[in-house]
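Below, each chain spelled out in residue letters.
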Amino acid sequence: MLNIGYLKRTLLVALWWMSGSGLCYAADPNKGAQVYATHCASCHGLSGISVMMGAPSFAKNEGLMSPDSALLISIRGGKAAMPAYRGVLNDQDILDVIAYLRTMN
Ligand code: HEC
């Protein structure tokens, strides 16, 4: 007999695998917004107006002059008072959040 539940589960696992394995490269600013609210808003402010001395305000386009590849390195490795997100966020998460930062101004 055909087991629909099993098929659905297999399909979900396949989709999950594809989304995590780099087959989907496009950065998603909507996912980035969730990452931002959880990990970044405590310093950079939920609306992009900084709430910490020295942290750029993305709503004023501060801190966004560098290309995505350079921002990725800053966020991965940390910079000055900003902690490193290596091991906390994967590169896809970081690229999603960078895409979101670029929508905040
Ligand atoms: C503990 C506070 C804090 C948190 C949390 C934080 N940041 Fe920062 N961030 C800073 C500070 C301070 C700077 C300025 C660093 C410097 O002096 O250049 C900064 C700089 C930046 C820059 C500019 C980097 C550059 O190369 O000029 C980006 C982009 C950025 N943060 C993104 C993020 C993102 C995305 C998150 C969440 C994943 C995050 N930050 C979380 C404090 C924070």
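Look a little higher up for the structure.
A short tour of the structure in this document, coming up. Note that residues are indexed from 1 along each chain, following the sequence as it is written. Residue-level local features of this predicted model are given only where pLDDT is at least 70; pairs of side-chain atoms are given and counted only at 80 or more, and the full residue set underlies all totals for whole chains, interfaces and linings. No hydrogens and no water enter the side-chain calculation; it runs on all heavy atoms of the structure.

Here the focus is the site of the ligand. A cutoff of 4 Å decides nearness: a residue is near a molecule or strand if any of its heavy atoms lies inside that distance of it. In the vicinity of the ligand, 23 residues are found, and the nearest of them are Cys40, Cys43, His44, Ser74 and Met82. By the criterion applied in these results, polar contacts are pairs of N or O atoms within 3.5 Å in which, for protein atoms, one can donate a hydrogen and the other can accept it, and in which residues neighboring in sequence qualify only through two side-chain atoms. Between lysine 79 and the ligand, the recorded distance is 3.2 Å, taken from a side-chain N or O atom to an oxygen atom. A molecule is said to occupy a pocket when more than half its atoms come within 2 Å of that pocket's grid points, and by this definition the ligand occupies the largest pocket. Of all elements in the fold, only helix H3 (41-44), helix H4 (68-77) and helix H5 (91-101) reach the threshold of two or more residues within the shell around the ligand. Any residue that is not Ala, Val, Leu, Ile, Met, Phe, Trp, Tyr, Cys, Pro, Asp, Glu, Lys or Arg is counted as polar, Gly included; the first ten are nonpolar and the last four charged. By residue class, the composition of the shell around the ligand is 16 nonpolar, 6 polar and 1 charged. Lining residues are defined by having an atom within 4 Å of a point belonging to a cavity or pocket. Those points lie on a 1 Å grid over the protein atoms alone, cavities being sets where a 1.4 Å probe fits but cannot get out and pockets being open sets with protein on both sides within 12 Å along at least five of seven lines. A molecule is said to be in a cavity or pocket once over half of its atoms fall within 2 Å of that pocket's grid points. Comment: elements are numbered from the N terminus, with helices defined as DSSP H or I runs of at least four residues and strands as E runs of at least two.

Attention now moves to the coordination of the iron atom of the ligand. The protein atoms donating to the iron atom of the ligand are His44 (NE2) and Met82 (SD), with metal-donor distances spanning 2.0 to 2.1 Å. Coordination here is defined by N, O and S atoms within 2.8 Å of the metal (3.2 Å for Na, K and Ca), and since water is not considered, a site can look incomplete. Here the metal geometry follows the donor angles, with tetrahedral for four donors whose angles all fall between 85 and 135 degrees, square planar for four and octahedral for six when opposite donors are more than 155 degrees apart and every other angle is between 65 and 115, and irregular for all the rest. Each of the 6 donor atoms bound to the iron atom of the ligand contributes to angles spanning 83 to 179 degrees, and the resulting shape is octahedral. In this pair, histidine 44 is assigned in helix H3 and methionine 82 in the loop between H4 and H5, connecting sequence segments 38 residues apart. Each residue's exposure class comes from its accessible area (1.4 Å probe, protein chains only) as a fraction of the maximum for that residue type: buried when under 20%, exposed when over 50%, partly exposed otherwise. For histidine 44, a relative accessible area of 9% gives the class buried.

Each α-helix winds once per 3.6 residues, and so residues spaced three or four apart point in a common direction. When H5 is considered as a whole, its buried residues turn out to be Ile94, Asp96, Val97, Ile98, Tyr100 and Leu101. Regarding H5, its N-cap is asparagine 90, as a side-chain oxygen of that residue lies 3.1 Å from the backbone nitrogen of glutamine 92 further along.

Let us now look at the pattern of salt bridges. Put simply, a salt bridge is a Lys or Arg side-chain nitrogen that is within 4 Å of an Asp or Glu carboxyl oxygen. Applying the stated rule across the entire model yields 2 salt bridges. In this structure, arginine 102 and aspartate 68 form a salt bridge, with 2.8 Å as the shortest nitrogen-oxygen distance. Placement of arginine 102 in the segment after H5 and of aspartate 68 in helix H4 is noted, with a sequence separation of 34 residues between them. When its relative accessible area of 34% is taken as the criterion, aspartate 68 is described as partly exposed. Here aspartate 91 ties to arginine 76 by a salt bridge, and the two come within 2.8 Å at their closest N and O atoms. One end of the pair, aspartate 91, is in helix H5; the other, arginine 76, is in helix H4, and 15 residues separate them in sequence. Judged by relative accessible area, which is 34%, aspartate 91 ranks as partly exposed. On the accessibility criterion, arginine 76 (27% relative accessible area) is partly exposed.

So, to be careful, I would describe these as geometric facts and stop short of saying anything about function.
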